[in-house]
Amino acid sequence: MRRFGPHTLEVLEAGPVDAGTTPVLLIHGINPISAKAPFLARLAEHRRVIAPSHPGFATSPRPSDFDTMYDLVNLYLDLLDSLPDEKVVVIGFGFGGWIAAELAVTGHPRLDRLILVDPVGIKLGGREDRDIVHIFNTPPAELNRLAWHDPARRPPGIYGLGWQATIDDAMSDADMVALARNWDALCLYAWRPHMFNPQLKHWLHRIRARTLVLWGDNDGIVTPDYGRRYASLIPGAVFDTIPHTGHHPELEQPEAFMDRTERFLDA
């Protein structure tokens, strides 16, 4: 546990503290970053990695009056303020990509580079158009199908969208309780409006950090077309897809994900 401002968070940390490279802040999606995530070892080989769990996720406590995206963004501003590093790379996944985009709009001086991985957070279509599959009202088996190019490529012990359809005897009671707690917290932050801020798209032009938007080419939750339009609203953003992946490309094709991430960070 680490304290950031008035809040205490569970934090996964990896990699050398004095790596001599810009540290990386990972902002997770529907579940916290797992120490078993297949991309983590390579990312942390030459970089310090900091991966907090949002309040209400994993074992991070959530105050009773902490329940909005506004709260999450200001918490991460506190976190950036507390880090000793002059510059930080931020990578946000899915729901965490939304948080990362909101964070980048603030123009925090420590945010050096930004990678958004299949982010949600904006409304692009008309009132009756669904840009983002309704993850709370869609049956888990269908979510599992839409979220993965190949559900069989889900790493053992790591869960993404549709996790309720993957419960088996190998899942411990503790894991089930943690996943249910994460889901409850996600509902609190993102139920209505569903997974977006109506105003965010109008302010993405304020992002000054160099930005890479990565997308699974078979994402059935938020399509690559949504991703291209998202990237077009961020000045200078580069858009790229990762073949044979869905909503969690960092889990389905971790080497391809890391190839693109390292190329961007090293440029």
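Preceding this section is the structure that the text describes.
In short, a report on the structure. (Residues numbered from 1 in each chain as written. Predicted model: local features only at pLDDT ≥ 70, side-chain atom pairs only at ≥ 80, totals over all residues. Heavy atoms only, no water.)

**Considering the overall build of the protein**
Phase 1: Within the protein, the secondary structure is distributed over eight helices and nine strands.
Phase 2: Against the globule reference of 18 Å for 267 residues, the protein gives a C-alpha radius of gyration of 17 Å, in line with a compact fold.
Phase 3: Here the C-alpha coordinates of the protein stretch approximately 45 × 40 × 40 Å along the principal axes.
Phase 4: In the protein, which comprises 267 residues, the proportion classed as buried is 55%.
Phase 5: Excluding contacts between residues fewer than 6 apart, the proportion of contacts in the protein whose partners are at least 24 apart in sequence is 76%.
Phase 6: When the accessible surface of the protein is totalled, it reaches about 11600 Å², and 50% of it is carbon and sulfur. (Helix = DSSP H or I, 4+ residues; strand = E, 2+ residues; numbered from the N terminus. Rg over C-alpha atoms; globule rule 2.2 N^0.38 Å. Buried < 20%, exposed > 50% of the residue type's maximum accessible area, 1.4 Å probe, protein only. Contact = heavy atoms within 4.5 Å. Areas by Shrake-Rupley, 256 points an atom, 1.4 Å probe, with all protein chains shown as cover.)

**Observations concerning the pairing of strand 7 (residues 111-117)**
Phase 1: Most of strand 7 is tucked away: six of the seven residues are buried.
Phase 2: Sheet topology places strand 6 (residues 88-93) next to strand 7; six bridges connect them, and they run parallel. By the bridge assignment, Val89 is partnered in strand 7 with Arg113.
Phase 3: For the segment spanning strand 6, helix 3 (residues 95-105) and strand 7, crossover handedness is right-handed. (Pairing = 2+ DSSP bridges. Right-handed = clockwise from strand over helix to strand, strands pointing away.)

**Topic: the packing of aromatic side chains**
We describe a pair of aromatic rings using the distance from one ring centre to the other and the angle between the two ring planes.
Phase 1: Within this structure, the stated rule accounts for 12 aromatic pairs.
Phase 2: Ring geometry for Phe39 versus Phe93: centroids 5.7 Å apart, planes at 40°, classification tilted. A residue pair is termed long-range when its members are at least 10 positions apart, and Phe39 in the loop between strand 4 (24-27) and helix 1 (40-43) and Phe93 in strand 6 qualify at 54 residues.
Phase 3: For Phe39, a relative accessible area of 2% puts it in the buried group.
Phase 4: A residue is classified by how much of its surface remains accessible, and Phe93, at 5% relative accessible area, is buried.
Phase 5: A ring pair is formed by Trp215 and Phe239, whose centres lie 6.3 Å apart and whose planes are at 40°; its orientation type is tilted. On the criterion of sequence distance, the pair formed by Trp215 in strand 8 (residues 210-216) and Phe239 in strand 9 (residues 238-242) is long-range, its members being 24 residues apart. (Phe/Tyr/Trp six-rings, centres within 6.5 Å; stacked < 30°, edge-to-face > 60°.)

**Brief notes about helix 4 (residues 140-147)**
Phase 1: Where helix 4 is concerned, the buried positions are Leu143, Asn144, Leu146 and Ala147.
Phase 2: Buried positions along helix 4 lie against helix 5 (173-190) and helix 7 (249-252).

**Notes on the pattern of salt bridges**
Phase 1: Applying the stated criterion across every chain, the model contains 13 salt bridges.
Phase 2: A salt bridge links Arg47 to Asp266, with the shortest nitrogen-to-oxygen separation between them at 2.9 Å. Highlighted residues: Arg47 in the loop between helix 1 and strand 5 (49-52) and Asp266 in helix 8 (residues 254-266), separated in sequence by 219 residues.
Phase 3: Since its relative accessible area comes to 56%, Asp266 is described here as exposed.
Phase 4: The closest approach of N and O atoms between Asp131 and Lys123, which form a salt bridge, is 3.7 Å. Lys123 shares its class with Asp131; the two are buried.
Phase 5: Through salt bridges that share partners, Arg2, Glu13, Arg48 and Asp85 make up one connected network. (Salt bridge = Lys/Arg side-chain N within 4 Å of Asp/Glu carboxyl O.)

**So, the nonpolar core**
Phase 1: Membership of the largest hydrophobic core comes to 92 residues, with the highest contact counts inside it found for Leu26, Phe95 and Trp183.
Phase 2: When residues no more than four places from it in sequence are discounted, the contact partners of Trp183 are Ile30, Ile135, Phe136, Leu143, Leu161, Trp163 and Gln164. (Core = buried A, V, L, I, M, F, W, Y, C linked by side-chain atoms within 4.5 Å.)

**Some words on the sheet that holds strand 8**
Phase 1: Taken in spatial order, the seven strands of this open sheet run 3-5-4-6-7-8-9, and their pairing is mixed. Single-partner strands in this sheet number two, and they are strand 3 (11-14) and strand 9. Across the sheet, the mean angle from the axis of one strand to that of its neighbour is 20°, orientation sign disregarded.
Phase 2: Here five bridges tie strand 7 to strand 8, and the two strands are oriented parallel to one another. By the bridge assignment for strand 8, Ile115 is matched with Leu212.
Phase 3: Running over the sheet, helix 6 (residues 224-232) touches strand 7, strand 8 and strand 9 and is turned about 175° from strand 8. (Axes fitted to C-alpha atoms, helices over the stretch in contact; angles between N-to-C directions.)

**Points about the packing of helix 2 (residues 69-82) against helix 3**
Phase 1: At a closest axis distance of 9 Å, the pairing of helix 2 and helix 3 adopts a crossing angle of 65°. By the angle between their directions, the pair helix 2 and helix 3 is classed as roughly perpendicular. Both helix 2 and helix 3 take part in a crossing whose hand is right-handed. Taking contact as the criterion, the partners of Met69, Leu72, Val73, Tyr76, Leu77 and Leu80 in helix 2 are, on helix 3, Phe95, Trp98, Ile99, Glu102 and Leu103.
Phase 2: Looking at side-chain class alone, the contact of helix 2 with helix 3 contains 10 nonpolar, no polar and one charged residues. (Parallel < 35°, antiparallel > 145°, perpendicular 65-115°, else oblique. Left-handed = near helix turned anticlockwise from the far one by under 90°. Nonpolar A, V, L, I, M, F, W, Y, C, P; charged D, E, K, R; others polar.)

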